[in-house]
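# Coordinate inspection notes
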Amino acid sequence: MINLVNLVNLVNLVNLVNLVNLVNLVNLVNIVNIVTRTTLFALILLAASPAFAQDNYKLGPDSMLQQGVPLGVVTQHKWTSKKVFPGTVRDYWIYVPRQYDGKSPAAVMVFQDGGTYVNTKRSFRIPTVFDNLIHKGEMPVTIGIFLNPGSIPATRPGGKPRRNRSFEYDTLSGQYARFLLEEILPEVGKRYKLSDDPALRAICGISSGGICAWTVAWERPDQFSKVLSHVGSFTNIRGGHVYPAVIRKTEPKPIRIFLQDGTNDLDNLHGSWPLSNRQMAAALKFSKYDHKFVMGTGGHNGRHGGAIMPESLKWLWRGWNEKTTAGEKKSR
Amino acid sequence: MTRFPTRVRRVRLARLAWTVLLCCGSIASAQDMPLTQVLLPGESWQLVGSGYRFTEGPAVDSAGNVFFTDIPNDRIHRIDAVTGTVTVFAEKTARTNGLMFGSDGLLYGCRNGDKQVVAYAADGSHTVIASDISCNDLVVGSDLRLFVTDPGGGKVWTIDAKRHKRVVAEGISPNGVILWPGEGTLVVTERNHPHLWTYRVEPDGSLSHRERYYLPLRLLPGRDRPGSDGMTVDTNGRLYVTSHAGVQMFDPTGRMGGVIAKPHGGSLANVVFGGPKRNVMYVTAGDRVYRRKTRVQGVAYFLKPQARRR
């Protein structure tokens, strides 16, 4: 186990949040080059662990480019927070579907660890999946906002950046929701018309990004009503293990949630991910939430979540057309 | 086992690293730092000394000797790094509280009875660094810049190497204070709040971008105040804070990794890593001082120039 612990320390040396960030990959490779044989063992051990064998999920056609499907456009941006997470800097991406006409407001879906979800070569491939589903009318014309977690760079020579991911994602408060509502949505809204109907606002994340998605909807169900969680950290990282108990004893909120986890997910000092997700599902069932829970056999990664991404999105957005029509009728 | 030629090994390692990253990247976001990485099986607290009135301010020197203050008795004691023998280092210390060594070999202290920040020389004599300053605890950066807490006044002060003092944070009741390894971030405790504050340290010593980064602290059942006090950090960036519940350990992303049990039922004020390898955790606990061996190594800012040369 010591070797695994070393590996964990090693991985912690680099900010792996920005997985698409090549600089970090280069850093890791450099660090790997200088570590001892024991770490090689650890890597082999990890690679051979049961979690890997159980992660053999395949992507379907909705996660692949399809002929005749119009392609949306992804642009990359930087954001420096001045208000809600002051001093943090982060990359983010905006996906705009070809069907967006600039006149009617688009639905919105926000992704934590955005770099992971916007990447079209890995598991999630959201731009491709969105292209396909929007084309088929299985989800609304949706603008995707892919936010990386923030980091406060050090200004003193030799200082390390303050990595803000856990603070932003794991903390039980409305702060991240405020960040979206007071900084990000107004900024993206300068360029694109975004719907303010909570039924047309969804939020998604993996691991701590998953509990973050839930927390945003829990704090502001008037703003976000759809949640998609992959291997969500409903564990005691910063007290998030209490949600199942709190959900059972709180008047239900208008939230629709899709939860994915795997039997080989983490079991560590913060808790057991499979047990915590089961507890969440049981509490959501008890309080009669509109929810779906899919328990696979994978580990703490996005393979299973990626493979079922199209189905998850279809379930999450089901009835979007009727809902919008009803909303329009009501407003008339 | 067969040793691979270095180049082959590097290529394989790099390829494996890529595989791990691409296949299970999110594992990285959930890496953990449990107490088992810190504590040694079979090792527990050992009494170093007792019979004091209130111990505080543990500080390590370059040899690993630990100095602490017995505030009501106006004495600073020295614990020998090797033998563990406790001797008196200075007397009539005017309620000196927080202590830390600087890269100049002097022992900086909050001489609160005189409302001074001072520096003790090896013979126990002292020179005044700043006057008219109420102070509880301090941290000394590798450049001899000090950060000093004034709980009563609700201020954090900085004193630069030229001994100019100025207020850099207000509006909180600061108690313990520590710098991260690398000294880019300052952490401040408030005894009554279940979080620790982080600030970015600017090159001129001013503080910016305050955040409740370490949160939540553990509270004892039935209590709403953690009693967080002194802190120390290890070379992996873990942060240790004394509290009513014990020594609470946090990982570098602000997540609590575990609580180390208190050595006895009394109060727990401060913590430092001492010993020749700086791998022995020392705590000041009311009328006593305890220590225990660990698997980690404390950070001594005054050693930074050496560390850089390596």
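Each helix and strand in chain A was counted, giving 14 helices and twelve strands. Taking all 332 residues of chain A together, 59% fall into the buried category. Of the contacts formed within chain A by residues at least 6 apart in sequence, a portion of 76% connects residues at least 24 apart. Accessible area for chain A stands at about 13600 Å²; split by element, carbon and sulfur atoms hold 56% of it.

With that settled, consider the overall build of chain B. For chain B, the count of helices and strands is two helices and 24 strands. Here chain B holds 310 residues, and the buried ones make up 61% of them. In chain B, once contacts between residues fewer than 6 apart in sequence are set aside, the share between residues at least 24 apart is 46%. Only carbon and sulfur atoms are counted for the fraction: they give 48% of the accessible area of chain B, which is about 12200 Å².

Here we take up the side chain of Ser272 of chain A. All names here are of chain A. Mapping Ser272 onto the fold places it in strand S11 (residues 271–272). Looking at Ser272, its side chain comes within polar contact range of the main-chain nitrogen of Leu275, at 3.2 Å. Ignoring anything within four residues of it in the chain, the contact list for Ser272 reads Thr235, Leu266 and Asp267.

Here we take up the packing of helix H6 (residues 126–135) of chain A against helix H13 (residues 309–317) of chain A. Residue and element names in this part refer to chain A. Relative orientation of the contacting elements H6 and H13 amounts to 55°, with a least axis distance of 10 Å. With respect to H13, the element H6 is oriented oblique. Crossing geometry of H6 relative to H13 is assigned as right-handed. On H13, the residues that touch Ile126, Val129, Phe130 and Leu133 of H6 are Met309, Pro310, Leu313 and Lys314. Looking at side-chain class alone, the contact of H6 with H13 contains seven nonpolar, no polar and one charged residues.

For the rest of this paragraph, the subject is helix H8 (residues 175–189) of chain A. Its 15 residues place the ends of H8 of chain A 20 Å apart at the C-alpha level, agreeing with the 21 Å of an ideal helix rising 1.5 Å per residue. Largest kink in H8 of chain A: about 30°, centred on Leu181 of chain A.

What follows is about the packing of aromatic side chains. Residues and elements named next belong to chain B. Throughout the structure, instances matching the rule amount to 24 aromatic pairs over all chains. With centroids separated by 5.9 Å and ring planes inclined at 55°, the aromatic side chains of Trp180 and Tyr213 adopt a geometry described as tilted. In this pair, Trp180 sits in the loop between strand S14 (177–179) and strand S15 (185–189) while Tyr213 sits in strand S17 (residues 207–214), placing the two residues 33 residues apart along the sequence. The same class applies to Trp180 and to Tyr213, which are both buried. Measuring from ring centre to ring centre gives 5.3 Å for Tyr213 and Tyr214, while their planes differ by 85°; the resulting arrangement is edge-to-face.

All right, on to the nonpolar core then. Grouped together as the largest cluster of nonpolar side chains are 93 residues, with contacts concentrated most on Ile145, Leu180 and Trp214 of chain A together with Val117, Val148, Leu186 and Leu239 of chain B. Sorting elements by how many residues they give to this core places H8 of chain A first, with eight residues.

The subject of this paragraph is the sheet that holds strand S6 (residues 96–101) of chain B. Residue and element names in this part refer to chain B. With respect to topology, four strands assemble into an open sheet ordered S6-S7-S8-S9, the strand pairing being antiparallel. Only two strands of the sheet have a single neighbouring strand rather than two, namely S6 and strand S9 (126–131). Shown here is a sheet whose adjacent strand axes are inclined to one another by a mean of 25°, direction ignored. Relative to S9, strand S8 (residues 116–120) is paired through five bridges, and the arrangement is antiparallel. Each residue of the ladder has a partner; that of Val118, found in S9, is Val128.

All names here are of chain B. Residues Leu215 and Pro216 are joined by a peptide bond in cis, for which omega reads -5°. For Pro216, the location among the structural elements is in the loop between S17 and strand S18 (231–233). Although it is not a glycine, Asp74 sits at a positive phi angle of roughly 55°. By the secondary structure assignment, Asp74 is in the loop between strand S3 (66–70) and strand S4 (75–79).

A few words now on the state of the cysteines. In a disulfide, the sulfur atoms of two cysteines are held together by a covalent bond. Under the definition given, this model contains zero disulfides over all chains. Lacking any disulfide linkage, Cys204 of chain A is separated from the closest cysteine sulfur, that of Cys212 of chain A, by 11 Å.

Let's shift gears to the confidence of the model for chain B. All names here are of chain B. Taken residue by residue, chain B gives an average pLDDT of 91. The fraction at 70 or more is 88%. Contacts from residues 17–30, a stretch scored under 50 in pLDDT, to residues over four places away or in other chains number 38 contacts. Confidence metrics for the complex model read pTM 0.86 and ipTM 0.87.

Attention now goes to the pattern of salt bridges. All names here are of chain A. Under the defined criterion, the tally for this structure stands at 28 salt bridges over all chains. One salt bridge connects Glu187 with Lys190, and the closest N-O pair in it is separated by 3.0 Å. Assessed through its relative accessible area of 66%, Lys190 is described here as exposed. Salt-bridge contacts for Glu187 lead to Arg191; the nearest nitrogen and oxygen are separated by 3.7 Å. Here the salt bridges do not stand alone but share partners, grouping Asp62, Lys136, Glu138, Glu311 and Lys314 into one network.

So, on to the sheet that holds S15 of chain B. Residue and element names in this part refer to chain B. Within the open sheet, the four strands sit side by side as S14-S15-S16-S17. Their pairing is antiparallel. Strands at the two margins of the open sheet, each flanked by one partner only, are S14 and S17. With strand direction ignored, the average angle separating the axes of adjacent strands in the sheet is 25°.

All names here are of chain A. Most of strand S2 (residues 89–96) sits inside the fold, with seven of its eight residues counted as buried. Summarising the sheet, strand S1 (residues 73–80) and S2 pair through eight bridges and their orientation is antiparallel. Bridging from a neighbouring strand, Thr80 pairs with Val89 of S2. Where S2 and strand S4 (residues 142–147) come together, four bridges link them in antiparallel fashion. Paired with Trp93 across the strands is Phe146, a residue of S4.

Quick look at the side chain of Glu190 of chain B now. Mapped onto the elements, Glu190 of chain B comes out in the loop between S15 and strand S16 (196–201). Ignoring any residue separated from it by four or fewer positions in sequence, one finds Glu190 of chain B in contact with Ile172, Ser173, Pro174, His195, Trp197 and Ser228 of chain B.

Calculation criteria
- Each chain has its residues counted from 1, running along the sequence as written.
- Each chain takes a letter, starting from A, and each ligand takes a number, starting from 1, following the order in which they are written.
- Local features in this predicted model are restricted to residues whose pLDDT is 70 or higher, and side-chain atom pairs enter the listing and the counts only when it is 80 or higher, whereas totals over whole chains, interfaces and linings include all residues.
- Excluded from the side-chain calculations are hydrogens and water; all other atoms, namely the structure's heavy atoms, are used.
- The helix and strand labels rest on DSSP assignments: H or I over at least four residues marks a helix, E over at least two residues marks a strand, and numbering proceeds from the N terminus.
- Exposure is judged per residue with a 1.4 Å probe applied to protein chains only, and the accessible area is read against the type maximum: over 50% gives exposed, under 20% gives buried, and values in between give partly exposed.
- The contact definition used throughout considers only heavy atoms, calling two residues in contact when any of these lie within 4.5 Å.
- The protein chains shown are the only cover counted for residues, whose accessible areas, like all others here, come from Shrake-Rupley with a 1.4 Å probe.
- Polar contact criterion, stated in full: a pair of N or O atoms within 3.5 Å, where within protein one must be able to donate a hydrogen and the other to accept it, and residues adjacent in sequence count only if both atoms are side-chain atoms.
- Orientation is described by lines fitted to C-alpha atoms, with helices fitted over the stretch in contact, and by angles between N-to-C directions that extend from 0 to 180 degrees.
- Each angle gets one of four labels, with under 35 degrees taken as roughly parallel, over 145 as roughly antiparallel, 65 to 115 as roughly perpendicular, and the rest as oblique.
- By definition, turning the near helix anticlockwise from the far helix through less than a right angle yields a left-handed crossing, and turning it clockwise yields a right-handed one.
- Three classes are used, and their members are as follows: Ala, Val, Leu, Ile, Met, Phe, Trp, Tyr, Cys and Pro are nonpolar, Asp, Glu, Lys and Arg are charged, and the others, Gly among them, are polar.
- Here a helix's expected span is defined as the number of its residues, less one, multiplied by 1.5 Å.
- For a residue, the bend is simply the angle between two axes, fitted respectively to the seven-residue segment ending there and the seven-residue segment starting there.
- Between rings of Phe, Tyr and Trp, where Trp is taken as its six-membered ring, a pair exists when centres lie within 6.5 Å; planes separated by under 30 degrees are stacked, by over 60 edge-to-face, and by other angles tilted.
- Buried Ala, Val, Leu, Ile, Met, Phe, Trp, Tyr and Cys residues that are joined via side-chain atoms within 4.5 Å together make up what is termed a nonpolar core.
- The pairing criterion for strands is at least two bridges between them, as found by DSSP.
- When two cysteine sulfur atoms are found within 2.5 Å, that pair is recorded as a disulfide.
- You can read pLDDT as the predictor saying how much it trusts each residue, on a scale of 0 to 100.
- Any Lys or Arg side-chain nitrogen located within 4 Å of an Asp or Glu carboxyl oxygen qualifies as a salt bridge.

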